[in-house]
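Report on the structure
These are the residues of each chain, in order.
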Amino acid sequence: MVQAMREHFDNSYARLPDRFYAKLNPTPVATPQMLRVNETLARELGFDPVDLSAEVLTGNSLLPGTDPLAQAYAGHQFGGWVPRLGDGRAILLGEVTGGFGRRDIQLKGSGITPFSRNGDGRAWLGPVMREYIVSEAMHALGIPTTRALGAALTGEGVQRERRYPGAVLTRVAASHIRVGTFQYFAARGDGAGLRLLLDHCIARHYPAADGPLSFLAEVVAAQARLVAKWMSVGFIHGVMNTDNMAVSGETIDYGPCAFMDAYHPRMVFSSIDQQGRYAFQEQPNMAVWNLAQLATSLLPLMDGDPEHAADEATRVLEGFATQFSPKWLQLFRAKLGLTTQEEGDEALITGLLARMASSQADFTATFTALTEGDASEHITDDGAWDSWAPDWKTRLSREPGDPKDTMRAANPVLIARNHRVEEAIQAGIEGDYAAFHRLVDALKDPFNPAPKYLDLATPPKAEERVLRTFCGT
Ligand code: AMP
Ligand code: MG
């Protein structure tokens, strides 16, 4: 058994040179207590869920075959350059391999590392629950994301605005390599490290790529697809710093993220995003900004004349827009029940979104109402529904098949509504985890939820609305 587990791990990142990380074990916690194990995911990854005990999920006990380390990276935070960030409260235990490929197993909230700066290396229950709920909800929506393998309480308090229960999240990712990881080596002028990192990422994520430029093109394409998907479900990441953008194209680092209730293109949730840098509508632009930092980091690895290399990289970056727009259009067409393409479709979609904004219509509920053919109870601005619906219905009459089927598959009934996430966290602080478990269970089937979960589809009442989420590390 132990031997099998040992062979289950194959820690390719730990075999990179030691300037890529700091090797250290998680700091043990007082009294590990299980919160939840994702048994389905555990089995998919070749674990026996009983092996994922509270001791293992807090890092008090290490599975055979792990080689724990904190990864080094840099990043632009809200546009400001920070040359050294790194895992200040996370530890990569190792990588498991199998028919699914290769996945990182990481603990988040596992204690101080050489990258902790002034932080305590810990996480409290709130952000752990939020990441568990939202990342699993994203997965069920078909959106590339890191996953939650489990969460456990530490039995220790964590001091933030007040004292909260401490917790550790066990996170799974294709890798935790970020745009900021490339920036780290580029900024140090470490060309050899940069080359090793590139080769590692190509082998791991984009084996068809044959160099820095085609690698960049793959990351650009993955991010264009990803951000289009975020937009299609009203998701706001909240902190799209370059250290929070994975080159694998997975959504990563759920901080003050949220799904919008009332639609507005300039919606912001994060308490620390005062300028609206990462507002809903800005996300594609910010993805390009981040990818430009990746391109800059890769320039030293590009052959030939530097000016020519920069032109080539710019051309690849321009590919974001040419891939994002058709993807966005395809996703929103489906939300309106359209499987064919016509010239006027984009105007039809943007016409609806403008009316949703002026009506402060609930994003998710509007689209599920459209599935039933009538969103007039959401598009309430004067004359807004009546000035849009006839064009939509005329357009639908030219569709083959039943548009309802298309819309049911494109318009989730359940999202991780912010007030429900907050409700689960508040109960959790009091030691009641029922709302958390119910939310996680319900969100496994967002397009066709069991009737017993339909209360979770209801938008918040005015007094229930959560308009700010705190970074809450
Ligand atoms: P994030 O907000 O998750 O993107 O984190 C930004 C940086 O701050 C990363 O380098 C984190 O590891 C670090 N960090 C965040 N919270 C803590 C904490 N409680 N203790 C130590 N480092 C932290
Ligand atoms: Mg981060």
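Bear in mind that the values here come from a model prediction, so they are computed numbers and not experimental data. Within each chain, residue numbers correspond to sequence positions counted from 1 in written order. Chain labels run from A onward and ligand labels from 1 onward, assigned in the order the entries are written. Whole-chain, interface and lining totals are the exception, using all residues; otherwise, since this is a predicted model, local features are given only for residues with pLDDT of at least 70 and side-chain atom pairs are given and counted only at 80 or more. Values reported for side chains reflect all heavy atoms of the structure, with hydrogen atoms and water molecules removed beforehand.

**Concerning the overall build of the protein**
What counts, and what does not: Secondary structure follows DSSP: runs of H or I at least 4 residues long count as helices, runs of E at least 2 residues long count as strands, and numbering of each begins at the N terminus. Put simply, the radius of gyration uses C-alpha atoms, and a globule should come to 2.2 Å times the residue count raised to 0.38. With a 1.4 Å probe rolled over the protein chains alone, any residue whose accessible area is under 20% of its type maximum counts as buried; one over 50% counts as exposed, and the rest are partly exposed. By the convention used here, residues are in contact when the closest approach between their heavy atoms is within 4.5 Å. The positive count covers Lys and Arg only, the negative count covers Asp and Glu only, and His and the chain ends enter neither. By convention, the point assigned to a charge is CZ for Arg, NZ for Lys, CD for Glu and CG for Asp.
Tallying secondary structure elements over the protein gives 15 helices and 12 strands in all. Against the globule reference of 23 Å for 473 residues, the protein gives a C-alpha radius of gyration of 23 Å, in line with a compact fold. Along the three orthogonal principal directions, the C-alpha set of the protein runs to about 65 × 60 × 40 Å. A buried classification covers 59% of the 473 residues belonging to the protein. Sequence-distant contacts in the protein: of pairs separated by 6 or more residues, those separated by 24 or more amount to 71%. Here the protein carries 45 positive and 57 negative side-chain charges, and the mean point of each set is 3 Å from the other.

**Remarks on the pattern of salt bridges**
Which entries qualify depends on this criterion: Should a side-chain nitrogen of Lys or Arg be within 4 Å of a carboxyl oxygen of Asp or Glu, the pair is scored as a salt bridge.
Applying the stated criterion across every chain, the model contains 33 salt bridges. The salt bridge involving Arg 395 is made with Asp 345; its shortest N-O contact spans 2.7 Å. Of this pair, Arg 395 sits in helix α12 (residues 389–396) while Asp 345 is found in helix α10 (residues 345–359), placing the two residues 50 residues apart along the sequence. For the pair shown, Arg 395 and Asp 345 are each scored as buried.

**Some thoughts on the site of ligand 1**
Selection criterion: Near residues are defined by distance, with any heavy atom within 4 Å of the molecule or strand qualifying the residue. Each polar contact in these results corresponds to two N or O atoms within 3.5 Å; when the atoms are within protein, one needs to be able to donate a hydrogen and the other to accept it, and residues that are neighboring in sequence are counted only if both atoms are side-chain atoms. Here the nonpolar group is Ala, Val, Leu, Ile, Met, Phe, Trp, Tyr, Cys and Pro; Asp, Glu, Lys and Arg are the charged ones; every other residue, Gly included, is treated as polar. For every domain, the bounds stem from an assignment made automatically or drawn from a database.
Near ligand 1, the surroundings consist of 18 residues, among which Gly 86, Gly 88, Arg 89, Gly 121 and Asn 244 are the closest. Residue Arg 122 places a main-chain N or O atom 3.3 Å away from a nitrogen atom belonging to ligand 1. When grouped by side-chain class, the residues that make up the shell around ligand 1 number 2 nonpolar, 8 polar and 8 charged. Of the domains in this structure, domain 1 (2–173) and domain 2 (177–411) are the two that each give at least three residues to the shell around ligand 1.

**Concerning the nonpolar core**
Note the threshold: Side-chain atoms within 4.5 Å link the members of a nonpolar core, which is a set of buried Ala, Val, Leu, Ile, Met, Phe, Trp, Tyr and Cys residues.
One finds Phe 182, Phe 215, Leu 336 and Leu 370 to be the most contacted residues of the largest nonpolar core, which totals 127 residues. Of the residues forming this core, the biggest block, 12 residues, is contributed by helix α7 (residues 212–233). Counting only domains with at least three residues in this core, you end up with domain 1 (2–173) and domain 2 (177–411). Apart from residues no more than four positions distant in its own chain, Leu 370 is found in contact with Lys 335, Leu 336, Leu 352, Ala 375, Trp 385, Trp 388, Trp 392 and Met 407.

**Observations regarding the coordination of the magnesium ion (ligand 2)**
Stated formally: The rule for donors is simple: N, O or S, within 2.8 Å of the metal, or within 3.2 Å if the metal is Na, K or Ca. Water isn't counted, so a site may look like it is missing partners.
Every protein donor of the magnesium ion (ligand 2) is accounted for by Asn 244 (OD1) and Asp 253 (OD), and the metal-donor separations fall at 2.0 to 2.1 Å. Given the relative accessible area of 11%, Asn 244 is considered buried.

**Things to note about the pairing of strand β10 (residues 163–173)**
Selection rule: Whether two strands pair depends on DSSP finding at least two bridges between them.
Within β10, 9 of the 11 residues are buried, which leaves the element mostly enclosed by the surrounding structure. Judged from the 5 bridges that link them, strand β7 (residues 101–108) and β10 form a sheet pairing that is antiparallel. In the strand pairing of β10, Lys 108 is matched with Leu 169. Relative to β10, strand β9 (residues 147–159) runs antiparallel, the two being bridged by 9 bridges. Bridged to Ala 148 within β10 is Arg 171. The hairpin turn running from β9 into β10, its antiparallel successor, is 3 residues long.

**Brief notes about the packing of aromatic side chains**
We count it as follows: What counts as a ring pair is set by centres within 6.5 Å for rings of Phe, Tyr and Trp (its six-membered ring), and what kind of pair is set by the plane angle: stacked under 30 degrees, edge-to-face over 60, tilted for all other angles. Charge-over-ring placement is defined geometrically: NZ (Lys) or CZ (Arg) within 6 Å of the ring centre, and within 35 degrees of the ring normal.
One pass over the full model with this rule turns up 22 aromatic pairs. Between Tyr 184 and Phe 185 the ring centres are 5.1 Å apart and the planes differ by 85°, which places this aromatic pair in the edge-to-face class. With respect to burial, Tyr 184 and Phe 185 carry one shared label: buried. Aromatic pair Tyr 206 and Phe 215: ring centres 5.9 Å apart, planes at 65°, arrangement edge-to-face. We classify Phe 215 as buried; its relative accessible area is 0%. Through successive ring pairs, a cluster of aromatic residues spans Tyr 263, Phe 280, Trp 328, Phe 332, Phe 363 and Phe 367. The ring of Trp 289 is capped by Arg 277, whose NZ or CZ atom sits 4.7 Å from the centre of that ring. We note Lys 335 situated over the ring of Phe 367; from NZ or CZ to the ring centre the distance is 4.5 Å.

**A few points about the domain arrangement of the protein**
Threshold: Throughout, buried area stands for the accessible area (probe radius 1.4 Å) lost by two parts on being put together, summed over both.
As assigned here, the protein comprises domain 1 (2–173) and domain 2 (177–411). Each partner contributes to the interface: domain 1 provides 38 residues, whereas domain 2 provides 40 residues. Approximately 3,200 Å² of surface area, both sides summed, lies buried where domain 1 meets domain 2, with 61% of it carried by carbon and sulfur atoms. In this assembly, domain 1 and domain 2 are joined by 5 salt bridges. Between Glu 95 and Arg 204 there is a salt bridge; the shortest N-O distance is 3.7 Å. Run the count over domain 1 and domain 2 and you get 12 residue pairs in polar contact (both at pLDDT 80 or more). Contributing elements (two or more residues each) for the side of domain 1 that touches domain 2: β4 (75–77), β7, α4 (125–140) and β10. Considering every element that reaches the side of domain 1 that touches domain 2, the biggest residue donor is α4, with 5 residues. Grouping the constituent residues of the side of domain 1 that touches domain 2 by class yields 17 nonpolar, 11 polar and 10 charged.

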